[in-house]
Amino acid sequence: MENSSTLSKSAVKISLDLLSNPLCEQDQDFLNMVTALDTAMKRMDAFNQEKVNQIQKTVIEPLKKFSSVFPSLNMAVKRREQALQDYRRLQAKVEKYEEKEKTGPVLAKLHQAREELRPVRDDFEAKNKQLLDEMPRFYNSRLDYFQPSFESLIRAQVGYYSEMQKIFGDLTQQLDQPGHTDEQRERENEARLSELRALSIVADD
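Cut-off values and rules
Residue indices begin from 1 for each chain and proceed along its sequence in written order. Only residues with pLDDT of at least 70 are given local features in this predicted model, and only at 80 or more are side-chain atom pairs given and counted; all residues enter the totals for whole chains, interfaces and linings. Water and hydrogen atoms were dropped before computing side-chain values, which therefore reflect all heavy atoms in the structure. Helical segments are the DSSP runs of H or I of at least four residues, strand segments are the runs of E of at least two, and each set is numbered from the N terminus. It is over C-alpha atoms that the radius of gyration is taken, and the globule rule equals 2.2 Å times the number of residues to the power 0.38. Note on classification: 1.4 Å probe, protein chains only; a residue is buried when its accessible area is under 20% of the maximum for its type, exposed when over 50%, partly exposed between these limits. Contacts are residue-level and defined by heavy atoms, with any inter-residue pair within 4.5 Å sufficient. Every accessible area reported is derived by Shrake-Rupley at a probe size of 1.4 Å, with residue values counting cover from the shown protein chains alone. The charged-residue count follows a simple rule in which Lys and Arg add positive charge and Asp and Glu add negative charge, with His and chain termini not counted at all. Lys charges are placed at NZ, Arg charges at CZ, Asp charges at CG and Glu charges at CD. For helices, the axis comes from a line fit to the C-alpha atoms of the stretch in contact; other axes are also lines fit to C-alpha atoms, and the angle between any two N-to-C directions lies between 0 and 180 degrees. Throughout, the term roughly parallel applies to angles under 35 degrees, roughly antiparallel to angles over 145, roughly perpendicular to angles from 65 to 115, and oblique to all others. The classification used treats Ala, Val, Leu, Ile, Met, Phe, Trp, Tyr, Cys and Pro as nonpolar, Asp, Glu, Lys and Arg as charged, and all other residues, Gly among them, as polar. For a helix, the expected span equals 1.5 Å multiplied by the residue count minus one. Each residue is assigned a bend, namely the angle between axes fitted to the seven residues that terminate at it and the seven residues that start at it. By nonpolar core we mean a set of buried residues, namely Ala, Val, Leu, Ile, Met, Phe, Trp, Tyr and Cys, connected to one another through side-chain atoms within 4.5 Å. For Phe, Tyr and Trp, rings pair up if their centres lie within 6.5 Å, where Trp contributes its six-membered ring, and each pair is then called stacked (planes under 30 degrees apart), edge-to-face (over 60) or tilted (otherwise). By definition here, charges over rings are those cases where NZ of Lys or CZ of Arg is within 6 Å of the ring centre and within 35 degrees of the ring normal.

Visitor: What exactly am I supposed to notice about the overall build of the protein here?
Guide: Scanning the protein for helices and strands turns up 6 helices and 0 strands. Walking the protein from its N terminus toward its C terminus, one meets helices and strands in the order α-α-α-α-α-α. For a compact globule of 205 residues, the expected C-alpha radius of gyration is about 17 Å, and the protein comes in at 36 Å, more than 25% above that figure. Dimensions of the protein, computed from the C-alpha atoms along their principal axes, are close to 115 × 35 × 25 Å. Sorting the 205 residues of the protein into buried and exposed places 24% on the buried side. For the protein, the share of sequence-separated contacts (at least 6 apart) that also reach a separation of at least 24 residues comes to 72%. Counting every atom, the protein has about 14700 Å² of accessible surface; 54% of that belongs to carbon and sulfur. Of the side chains in the protein, 31 bear a positive and 35 a negative charge, and the two mean positions are spaced by 15 Å.

Printed below as a string of structure tokens:
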């Protein structure tokens, strides 16, 4: 979008520069053509800015909001992994005491290990269930989330290029000289270009 804005601003600057050209003071027809071009470029720039604003609001900003969800998802995955490690560590501790001879001290430690394991297991299962429930919904919702943005992007592009077609169609009608052939127009363009090259402000090739 930045390149698009730069391009339209550059086109406006070129038309303004042409208006300050000495040929505009000497040739009314040339002035009329440059004025028509300047009006067209300003219209183009205005519609381009409108397109940029629309895309920023309906596409870029929603994309940024969607991207902001990922850090929270990554944190939830990390918390689940940490809970899994704690669960496995305490589960291994329980299994170790279960394999030992069932003496009084061993049974006491086994009971304590099982008590430590219970809340950790419950925490892991809760975090795991949350991810299993929410990740598919998040994945499946992406199309519903982005569809309005894609539709808005298409509408913005179609509207912009429809206006460009109208603007340059109007400009062509204003600049067109009835009865002139393409060869005549080409010769006139070459003559104008030669006059521009003859100006002292234009560097030699």
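Visitor: What exactly am I supposed to notice about the environment of Asp17 here?
Guide: Relative to the helices and strands, Asp17 is located in helix H1 (residues 2-19). Taking the C-alpha atoms as reference points, Asp17 and Ser5, 12 residues apart in sequence, are found 18 Å from one another.

Visitor: Explain the packing of helix H3 (residues 28-67) against helix H4 (residues 69-99) to me, please; I cannot follow it from the model alone.
Guide: Helix-helix packing is characterised by the crossing angle of the two axes and by the distance between the axes. Across the interface, H3 lies against H4 with an axial gap of 4 Å and an inter-helix angle of 10°. One way to sum up the angle between H3 and H4 is to call them roughly parallel. Here Lys65, Phe66 and Ser67 of H3 come into contact with H4, specifically with Val69, Phe70 and Pro71. Tallied by class, residues from the contact of H3 with H4 come to 4 nonpolar, 1 polar and 1 charged.

Visitor: What exactly am I supposed to notice about H3 here?
Guide: Residues spaced three or four apart along an α-helix face the same direction, because each turn holds 3.6 residues. In this model, H3 (40 residues) spans 56 Å end to end at C-alpha, consistent with the 58 Å of a helix rising 1.5 Å per residue. Along H3, the largest kink reaches about 40° and is centred on Gln56.

Visitor: Is there a simple way to think about the nonpolar core in this case?
Guide: It is characteristic of soluble globular proteins that their nonpolar side chains tend to be buried jointly. Membership of the largest hydrophobic core is limited to 11 residues, which are Ala83, Leu84, Tyr87, Leu90, Val94, Tyr97, Val106, Leu110, Ala113, Leu117 and Phe124. Within the residue set of this core, elements represented by two or more residues are H4 and helix H5 (104-175). Per-element tally for this core: the top contributor is H4, with 6 residues. Contacts of Ala113, omitting those with residues within four sequence positions, involve Lys93, Val94 and Tyr97.

Visitor: Explain the side chain of Ser152 to me, please; I cannot follow it from the model alone.
Guide: Among the secondary structure elements, Ser152 is positioned in helix H5. Given a relative accessible area of 4%, Ser152 falls into the buried group. With residues near it in sequence (within four places) discarded, Ser152 still touches Gln54 and Thr58.

Visitor: I tried to follow the packing of aromatic side chains on my own but got confused; where do I start?
Guide: Here the distance between the centres and the angle between the planes together describe a pair of aromatic rings. A full pass over the atoms with the stated rule returns 7 aromatic pairs. With a centroid separation of 5.0 Å and an interplanar angle of 75°, the aromatic rings of Tyr160 and Tyr161 are classed as edge-to-face. In this structure Tyr160 comes out as buried when scored by relative accessible area, which is 10%. Given the relative accessible area of 52%, Tyr161 is considered exposed. An aromatic cluster of three or more residues is present, and its members are Phe66, Phe138, Tyr145, Phe146 and Phe150. Note that Lys96 overlies the ring of Tyr97, its terminal NZ or CZ placed 5.1 Å from the centroid. A cation over an aromatic ring shows up here: Arg142 above the ring of Tyr139, its NZ or CZ 3.8 Å from the ring centre.

Visitor: When you look at the side chain of Ser149 in this model, what are you seeing that I'm missing?
Guide: Residue placement: Ser149 occurs in helix H5. Owing to a relative accessible area of 6%, Ser149 belongs among the buried residues under this scheme. Here Ser149 is in contact with Thr58, Val59 and Pro62, once residues within four sequence places are set aside.

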